[in-house]
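Fold and geometry: a report
Take a look at the letters that make up each chain.
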Amino acid sequence: MTDQLHCSRGCAWPEKPDQPAHPKLATHGTLCDACYLRITEALRTIPELILNMRSQVIPASNFELTERVQGGGDGAPVPLNVGAVDAADALFAKVASWVGAFAEELAIPAPSIRGYLVNNEIQGLRSFALIPAMELTAQLTKWLARHIDQISASPTAATFHDDIWEGWEDSPGVVKLSRRYGSEERKPRDAQKRVCPICGKKEVFAAAPSTFDPEPMVLCGLCNWTADLSKKPEYLEMFQSA
Ligand SMILES: [Zn+2]
Ligand SMILES: [Zn+2]
C-alpha cells in the first residue's frame, strides 16, 4: 500500500496556463504534501480547540478566555454552552478511537493514560477539568503526530484525514469546529523567512493549511509572489520549521 504513486485522496494540481491539471504525488505514504500538512496542522490545533470548547467561550475570543482564566473579569459567569462541551467530548472520542485503531494496526503501544481510565475505559472528557482535558487530548494528538509517517502509509490514512479534518454532519472535524471555537486567521508562521525571487526582500513565509484555505502556501508578504509548489517542492521544507 505504500508504493502508491498518487495521493490516495485524489488530490490534483489545478490547471495553469503552462501546465495541465495533474495528480499530486503521494510523498508521505499514501498522502500528498498538502494532506500530510493538513493532518499535522489539525493535530496541532485540536488541544487548543478542546480548551476553547471546554472553556465555554462562544465563539473564539482568546481575549475573553485569558480574562476568564486569569480571573481578571468581574466574575460574571460565562453562559454554559452545552453544545460546546458535547462537541469537545465528540472530538476527543474521535481522536481516542484513531489512537486505538492505529496502535493496533501498527502494533505500537498506545499512550499510557491509565490515570484517566475507569474500568479500562476513558470516561467522557467532561469528567475532567479544563486543563487536564486539554493535556489528555494533547497526549493523544502528540502520539498521533509522533507516528504520523507510519499513519500516512496506512490504507486508512485518507479516511483518517477526512474524519479529523472535515468530519461528518454528526461528528464535525477541525474545519467546522475551528469556525466556531477557534481562529480562522491564517497567520504567517515564524518559519525562517526566505528571500523573495521577485522583490528581493526576505519576506517569503510558509502559510500552513488552515480552515480558511486548506492548501499549504509559500508566499512573499510584500509583493504577493507565490511559490509554485508543484514545480518547486523544495519550498515545502519551510513547513518543517513552521
Ligand atoms: Zn492529497
Ligand atoms: Zn516579494
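Residues numbered from 1 in each chain as written. Chains lettered and ligands numbered in written order. Predicted model: local features only at pLDDT ≥ 70, side-chain atom pairs only at ≥ 80, totals over all residues. Heavy atoms only, no water.

1. Considerations on the coordination of the zinc ion (ligand 2)
Of the protein atoms, only Cys196 (SG), Cys199 (SG), Cys220 (SG) and Cys223 (SG) coordinate the zinc ion (ligand 2), at distances of 2.3 Å. Binding-site remark: the zinc ion (ligand 2) is held by donors from one chain whose sequence spacing is C-x2-C-x20-C-x2-C. With Cys196 in the loop between helix 7 (174-181) and strand 7 (204-207) and Cys220 in strand 8 (residues 217-220), this residue pair connects regions lying 24 residues apart in the sequence. Note on accessibility: Cys196 and Cys220 belong to one class, buried. (Donors = N, O, S within 2.8 Å, 3.2 Å for Na, K, Ca; no water. Helix = DSSP H or I, 4+ residues; strand = E, 2+ residues; numbered from the N terminus. Buried < 20%, exposed > 50% of the residue type's maximum accessible area, 1.4 Å probe, protein only.)

2. Comments concerning the coordination of the zinc ion (ligand 1)
Here the zinc ion (ligand 1) is held by Cys7 (SG), Cys11 (SG), Cys32 (SG) and Cys35 (SG), and the distances to it run 2.2 to 2.3 Å. One way to put it: the four donor atoms around the zinc ion (ligand 1) meet at angles of 97 to 114°, and that makes the site tetrahedral. Going along the chain, you hit the donors of the zinc ion (ligand 1) in the pattern C-x3-C-x20-C-x2-C. With Cys11 in the segment before strand 1 (12-13) and Cys35 in helix 1 (residues 33-54), this pair connects stretches of sequence that are 24 residues apart. (Tetrahedral: all angles 85-135°; square planar, octahedral: opposite > 155°, others 65-115°.)

3. What about helix 6 (residues 157-165)?
Of all nine residues in helix 6, seven are buried, a share of seventy percent or more. Among all positions in helix 6, only Ala157, Ala158, Phe160, His161, Asp163, Ile164 and Trp165 are buried.

4. Description of the side chain of Thr141
Within the secondary structure, Thr141 sits in helix 4 (residues 130-146). Accessibility expressed as a relative area gives 3% for Thr141, which makes it buried. Contact partners of Thr141, with chain neighbours within four places excluded, come to Leu43, Ile46, Pro47 and Val95. (Contact = heavy atoms within 4.5 Å.)

5. Observations regarding unusual backbone geometry
At Ala107, a position not held by glycine, the phi torsion is positive, near 55°. Within the secondary structure, Ala107 sits in the loop between helix 3 (82-106) and strand 3 (117-118). You will see that Asn224, though not glycine, has its phi angle at about 75°, which is positive. Tracing the sequence through the fold places Asn224 in the segment after strand 8.

6. Some points on the side chain of Asp163
Within the fold, Asp163 resides in helix 6. In this structure Asp163 comes out as buried when scored by relative accessible area, which is 11%. Here Lys94 takes part through its side chain, which lies 2.6 Å from a polar atom of the side chain of Asp163. For Asp163, the side chain forms a polar contact with the side chain of Trp98, separated by 2.6 Å. Those residues in contact with Asp163, other than ones at most four positions away along the chain, are Lys94, Trp98, Trp168, Ser171 and Gly173. (Polar contact = N/O pair within 3.5 Å; in protein donor to acceptor, adjacent residues only side chain to side chain.)

7. A look at the confidence of the model for the protein chain
Of all residues in the protein chain, 78% attain a pLDDT of 70 or more, and the chain-wide mean is 81. Across residues 57-80, where pLDDT falls below 50, the model places 22 contacts with residues more than four positions away in sequence or in other chains. (pLDDT = per-residue confidence, 0-100.)

8. Things to note about the environment of Asp86
Tracing the backbone through its elements, the reader meets Asp86 in helix 3. Exposure remark for Asp86: the relative accessible area of 37% places this residue in the partly exposed category. Along the primary structure Asp86 and Arg126 are separated by 40 residues, whereas in three dimensions their C-alpha atoms are 8.2 Å apart.

9. Concerning the pattern of salt bridges
For the structure on display, the rule yields nine salt bridges. The shortest N-O distance in the salt bridge between Glu215 and Arg38 comes to 3.1 Å. Of the two residues, Glu215 sits in the loop between strand 7 and strand 8 while Arg38 sits in helix 1, which places them 177 residues apart along the sequence. Under the relative-accessibility criterion, Arg38 is labelled buried at 4%. Between Lys193 and Glu203 there is a salt bridge, with the nearest N and O atoms lying 3.1 Å from each other. With Lys193 in the loop between helix 7 and strand 7 and Glu203 in the loop between helix 7 and strand 7, this residue pair connects regions lying ten residues apart in the sequence. On the basis of relative accessible area, Lys193 is assigned to the partly exposed category, the value being 33%. Among the ionic contacts, a cluster of salt bridges with common partners joins Lys24, Arg38 and Glu215. (Salt bridge = Lys/Arg side-chain N within 4 Å of Asp/Glu carboxyl O.)

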